[in-house]
Amino acid sequence: MAGDIHRSHAWTSYSGYNLAYLLEQYEAYSEDPLQVEEEYRRWFEEAGPPPAEMQSERARELQGNPLSTSYPELVKKIADQAERTRSLGHLFARLDPLGLNRQRNSLEDEELELEPSDLEMAKQLPAHYVLEQPPGSIQHAQDALAYLRKVYTGTIAYEFAHIFANRERAWFREQIESEQWPPVLSTEEKKSLLERLVQVHELEDYLQHTFVGQKRFSIEGNDVLVPMLDELIRCSQAEGTRKMLLGMAHRGRLNVLAHVLKKPYSTIFSEFYYASGSSQLQASPDEEEKKHLGWTGDVKYHLGASCTYGDDFEIVLANNPSHLEYVNPIVEGMTRAAQERRDEAGMPKQKLNEAVTVILHGDAAFIGEGIVPETLNFNRLEGYRNGGTIHFIVNNGLGFTTQPIEARSTHYASDVAKGFDIPVLHVNADDPEACMAAVRLACQYRNSFHKDIVIDLIGYRRHGHNEMDDPSATQPRLYEKVNQHPPVSKRYAEWLSKQGVLDTSEVSGMREQAQSSLKKAYEEMKELDPSSWREVLIEEGMSKLESASAFQELKQPKKMSLEQLAQWNEELLDIPDHIEVYPKLRKILERRRKMLESDGKVDWGLAEALAFASILSEGIPIRMSGQDSQRGTFAHRHAVLHDIQSREQYVPLQHLSTAKASFILYNSPLSEAAVLGYEYGYQQIASEALVLWEAQFGDFGNAAQVIIDQFISSGLAKWKQYSNIVLLLPHGYEGQGPEHSSARLERFLHMSAEGNWIVANVSTSAQYFHLLRRQAEQSGTRRARPLIVMSPKSLLRSRRAAADPNELINSSFKKLYEDPLLGSDREQVTRLILCSGKVAVDLQEAIEEHESDWSWLHIVRVEQLYPFPMAELEEFLQELPALKEMVWVQEEPQNMGAWRFVQPHLNILAPEDVKVQSISRPPRSSTASGYAAVHENEQKQMIADALQLNRDGK
């Protein structure tokens, strides 16, 4: 008896294709055991024949029962139908609330090549042929197929067949095909859900009728998003998560701010009521007040917020511009920073469950904006993963007026996610309980596998792109349907009433309570005197002015001793015996041992390493990333060493004896916008850290222009968002063509205003050392500003850019740096050359090559271009009584580089009768020549003109 049970179990442990194949093999074995491989012969000998029900089906077949197919073929077909239901059921699901885009009502048997007689015969097969753990109510395979159709083609649909890991696919099947799926809400949960939907709808309705014609980018049509976020917060808290970082566009933002971020209704109403130019404000601040504001602010549907739930859970909504999806990498970086501890030497210590990222996307933007796949690519990368992001596509089926057929080549807006091994849940926004189930499943998946998941919330848009837009001109049929379609709160209330969960009086009570809260908040807001609103604006502006003043007085770092630098250098070169470094690299590193000696010169790579060592010893963490940044594009850094045999990595800066904070440096994926956005977001949370991003070449920085323009340069003015991030942008004209010459210095200078950042173009390793240390000192303070550095290429190894060790210990960063070969007799100087960056070293080289009386000439390098050192230069000019001309020399074309920025400053500072002019390449549309010979000729001519040499340099 026990042996029979064991044998039966051997067969029933198989189902679907595997069982069908096994039956085929057994038929062949029955005819002649030698027809099958020895492995199958041994298995059949041990397992015995198939169970009785399988044999009876076989017997009927042999007795002439008119079946359309053989038994194994039938099992195959049933298994095929089951798998197709799992993988394609989403195509037949009831996902569109308006019923306009549904393709079919159900899976059609004939499409799966299943004849009615075969389907009837499925009643004779056990349910486990289809389901591994069939619910108790499922009697046979036909019931199981019907059960699968119900599960996979309802108002929630699933795409996980593309997932690479079988363990994950099995997990989804186990969850979805379980008897407990979908989870049933309690009566109280259903009432709470309805109450939230009522609050969401009533807020939108109140805004629509109270502030007629004002933009708010309504959530209507996807109202259920708010209770879905509520549920996500509850799930996250239950898992012990302490922080949620939320990114979203403007659609539905005000409702999320009110109901998820707990922003008071009265505050939201005031942003409408006292909007700029509103008659209620009656008069704008006078010109003096405007001058003192010193900031711009932003529209209400771009603003972020934060709030707490209980004692230990915080949710943060990131500020963002109208540039859709560019907030995505920002919040990813914020989450990584929230997950890490950085207060000990070595690598940061990451705890994945400490924080979670939630991003709300638009359907047109998710498939249309390239920043989306750039950010999805972080999903599995060591330097950027954060345990899985929960994505919501707030899918209203339109991009402004553009329909899906015009907007994407894929079936779903979510299809781009599948390329990154991310599962997708599609859910009908008019079925609130299915939406709650989707959130719970997404949370469980994220917590189980620490990977991204997408919820495609399929709804509609009640109004136009904004409330001032009439969409009926471009989508007349759609909006005829929308206008007839009741809101989800009403539909759900009617359904609950039919189910006997509540009666109409309870629903009316919910609506009256919501309306009463809105009216009360409006009256409170109206009690605010318009003049007090102006005072709030001025007070905000004055605080900005104060912070700008603090920025002008940057805290200076402590000076270092040569002995301390030498100790760090030795530790950085103390590589463990088991790490076998590439021999050529070891020789390069060994040269650094002598650089701090009395006759030594500190190159760029060592100066940076020593600056980092001093910063870490002050307890300031460092995070850096960029393409090839561990080695450095130009092989100057080598901050991460690789064993040539085992490929083990060793990071010397993680092993300093004096370090009090973490250090990490990652090679980034080949992305500028997403990676820079990630680092900016990281620094927003890790404000105490020095965060650096390095472009491979500065020319490629413009691929991140949206992040630079909309966040880094203007985040303080728009959102009071301080940042200490450092951008290292290799810049310099060396004959490498138009894509390897210019970091577009002029663009950063054009955006420089109101003390928004620091722009530097340093020319020596000591200046770079001091600049990094000064920047780190501002971390976590109101003096913090982004630092934009035009970093060098050829100067990395130039002896003229290398520094005497004493310059690292006896000096500090100099905004103006005098050429060491000139200016000893100030009274004879008639021409002053002002320049910045590599061209200064080119001028120095030319002077060294020409023995001449240079007493008439002096060269001053403007190492900090913004804020422009007006006071320092004015003081210096007073020392040149014979000065006749000030000449700005730059490598860039005249319409690029710093000239047009510095010219008005020089005109103001120039003494009477002193001529101001520039020497540069002529104005160009392209940054540089693609021909090395042309570059060389132009460079020689500029140097000759600046130094008044003839063209041959004689």
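In the nomenclature of an unreviewed UniProt entry, the protein chain corresponds to oxoglutarate dehydrogenase (succinyl-transferring) from the organism Marinicrinis sediminis. The Cofactor (unreviewed entry) field of the UniProt record for the protein chain holds the comment "thiamine diphosphate". Its UniProt record gives the protein chain a comment under Catalytic activity (unreviewed entry), which states: "N(6)-[(R)-lipoyl]-L-lysyl-[protein] + 2-oxoglutarate + H(+) = N(6)-[(R)-S(8)-succinyldihydrolipoyl]-L-lysyl-[protein] + CO2".

The next thing to look at is the overall build of the protein chain. Check the secondary structure of the protein chain and you find 36 helices and 24 strands. The buried share among the 954 residues of the protein chain stands at 58%. Pairs at least 24 apart in sequence give 80% of the contacts found in the protein chain among residues at least 6 apart. When the accessible surface of the protein chain is totalled, it reaches about 40,000 Å², and 47% of it is carbon and sulfur.

Membership of the largest hydrophobic core comes to 114 residues, with the highest contact counts inside it found for F269, I315 and F392. The dominant element in this core, judged by the number of residues it contributes, is helix α19 (residues 432–449), at 11 residues. Setting aside residues up to four positions removed in sequence, F269 forms contacts with L203, Y206, L207, F211, L518, A521, Y522 and M525. Formed by 80 residues, the second largest nonpolar core is a distinct cluster that contains A338, F366, V372 and V862.

Following the criterion strictly, the structure yields 45 salt bridges and no others. Of the charged contacts in the structure, one is a salt bridge between D343 and R341, with a shortest N-O distance of 3.0 Å. Using a relative accessible area of 46% as the deciding quantity, one classes D343 as partly exposed. When salt bridges that share partners are traced, they join E168, R380, D421 and K451 into one network.

The N-to-C vectors of helix α9 (residues 187–210) and helix α10 (residues 225–238) enclose an angle of 130 degrees; their axes lie 8 Å apart at closest approach. On the basis of their axis angle, the class for α9 and α10 is oblique. Considering the relative orientation of α9 and α10, their crossing is right-handed. Residues L193, R196, L197 and V200 of α9 form the contact with α10, whose own contacting residues are V226, P227 and D230. For the contact of α9 with α10, a count of residues per class yields five nonpolar, no polar and two charged.

Note that Q683 resides in helix α27 (residues 673–685). Judged by its relative accessible area of 2%, Q683 falls in the buried class. Of note is the side chain of Q683, whose polar atom sits 3.0 Å from the backbone nitrogen of N724. Those residues in contact with Q683 that sit more than four places away from it in its chain are A689, V691, Y722, S723, N724 and I725.

Let us look at the sheet that holds strand β8 (residues 389–395). Pairing is mixed in the open sheet, where eight strands are placed in the order β1-β9-β10-β8-β7-β2-β4-β3. What marks the edges here is a single partner per strand, and that holds for β1 (156–159) and β3 (305–309). The average angle at which neighbouring strand axes cross in this sheet is 15 degrees, direction not considered. Here β8 pairs with strand β10 (residues 453–458) via six bridges, running parallel. Note on β10: the bridge partner recorded for I393 is D456. Of the strands in this sheet, β2 (243–248), β3, β4 (313–317), β7 (355–362), β8 and β10 touch α10, which is tilted by about 170 degrees from β8.

Below, the discussion takes up the layout of surface pockets. Looking at the second largest pocket, its volume works out to about 950 Å³. Every residue lining the second largest pocket is counted, 32 residues in all, and those nearest its centre are R94, T155, D431, A434 and W495. Listing elements by their share of the lining of the second largest pocket, those giving two or more residues are α7 (141–152), β1, α19 and α21 (488–498). When residues in the lining of the second largest pocket are grouped by element, the largest group, six residues, is from α21. Taken together, the residues of the lining of the second largest pocket sort by class into 16 nonpolar, five polar and 11 charged.

Turning our attention to the environment of V675. Following the sequence through the fold, V675 ends up in helix α27. Here V675 falls in the buried class, since its relative accessible area comes to 0%. Residues V675 and T375 lie 300 residues apart in sequence; the distance between their C-alpha atoms is 8.1 Å. Every residue in contact with V675, bar those within four places of it in the chain, is listed here: F378, Y384, S625, S668, P669 and W693.

Scanning all chains against the criterion turns up 11 cavities of 30 Å³ or more. By volume, the largest cavity amounts to about 170 Å³. Forming the walls of the largest cavity are 17 residues, and the residues nearest its centre are R592, A609, R637, H638 and A639. If you list the elements that add at least two residues to the lining of the largest cavity, you get α24 (562–573) and α26 (604–617). When residues in the lining of the largest cavity are grouped by element, the largest group, five residues, is from α26. Its residues placed into classes, the lining of the largest cavity shows 11 nonpolar, three polar and three charged. Along its surface, the second largest cavity is lined by 14 residues, and H636, R637, E694, S791 and P792 are the ones closest to its centre. Those elements giving two or more residues to the lining of the second largest cavity turn out to be α26 and β16 (726–730). For the lining of the second largest cavity, the per-class residue count stands at eight nonpolar, three polar and three charged.

The next point concerns the pairing of strand β24 (residues 915–921). Regular strands show a simple pattern: their side chains alternate between the two faces of the sheet. In this sheet, β24 lies alongside strand β23 (residues 885–893) in parallel orientation, the contact comprising six bridges. Each bridged residue has a counterpart across the sheet, and for V887 the counterpart in β24 is Q917. Read from β23 through helix α35 (residues 899–909) to β24, the crossover connection turns out right-handed.

Applying the stated rule across the entire model yields zero disulfides. Looking at the unpaired C235, the closest cysteine sulfur is the one in C443, lying at 4.0 Å. Take C235: its relative accessible area is 17%, and that puts it in the buried class. The exposure class of C443 is buried, given its relative accessible area of 6%.

Turning next to the pairing of β7. Counting buried positions along β7 gives seven out of eight residues, so the element sits mostly inside the fold. The sheet contact formed by β2 and β7 spans six bridges and is parallel. When the sheet's bridge partners are listed, L246 is paired in β7 with V358. In this sheet, β8 lies alongside β7 in parallel orientation, the contact comprising six bridges. Along β8, the bridge assignment pairs L360 with F392.

Quick look at the packing of helix α8 (residues 166–176) against α19 now. Packing of α8 against α19 leaves a shortest axis separation of 12 Å and a crossing angle of 145 degrees. Relative to α19, α8 is oriented so that their crossing is right-handed. Taking contact as the criterion, the partners of R167, E168, W171, F172, Q175 and I176 in α8 are, on α19, L441, Q444, Y445, S448 and F449. Residues belonging to the contact of α8 with α19 are distributed by class as follows: six nonpolar, three polar and two charged.

Time to look at helix α14 (residues 328–339). Taking 1.5 Å of rise per residue, the 12 residues of α14 would be expected to cover 16 Å, and the 17 Å separating its terminal C-alpha atoms lies within 8% of that figure. Burial within α14 is extensive, with 12 of its 12 residues counted as buried.

Taken together, the buried positions of α21 are V488, S489, Y492, A493 and L496. The arc enclosing the buried residues of α21, seen along the axis, measures out at 130 degrees, which places them on a common side. Of the residues trailing α21, G500 is marked for its positive phi of about 80 degrees.

Basis of the calculations
- Residues numbered from 1 in each chain as written.
- Predicted model: local features only at pLDDT ≥ 70, side-chain atom pairs only at ≥ 80, totals over all residues.
- Heavy atoms only, no water.
- UniProt positions renumbered as here; feature names shortened; annotations may be inferred.
- Helix = DSSP H or I, 4+ residues; strand = E, 2+ residues; numbered from the N terminus.
- Buried < 20%, exposed > 50% of the residue type's maximum accessible area, 1.4 Å probe, protein only.
- Contact = heavy atoms within 4.5 Å.
- Areas by Shrake-Rupley, 256 points an atom, 1.4 Å probe, with all protein chains shown as cover.
- Core = buried A, V, L, I, M, F, W, Y, C linked by side-chain atoms within 4.5 Å.
- Salt bridge = Lys/Arg side-chain N within 4 Å of Asp/Glu carboxyl O.
- Axes fitted to C-alpha atoms, helices over the stretch in contact; angles between N-to-C directions.
- Parallel < 35°, antiparallel > 145°, perpendicular 65-115°, else oblique.
- Left-handed = near helix turned anticlockwise from the far one by under 90°.
- Nonpolar A, V, L, I, M, F, W, Y, C, P; charged D, E, K, R; others polar.
- Polar contact = N/O pair within 3.5 Å; in protein donor to acceptor, adjacent residues only side chain to side chain.
- Pairing = 2+ DSSP bridges.
- 1 Å grid on protein atoms, 1.4 Å probe; cavity = no way out; pocket = protein on both sides within 12 Å on 5 of 7 lines; lining within 4 Å.
- Points joined across faces, edges and corners; volume = space filled by probe spheres on them.
- Right-handed = clockwise from strand over helix to strand, strands pointing away.
- Disulfide = S-S within 2.5 Å.
- Expected span 1.5 Å × (residues − 1).
- Arc of directions from axis to C-beta.

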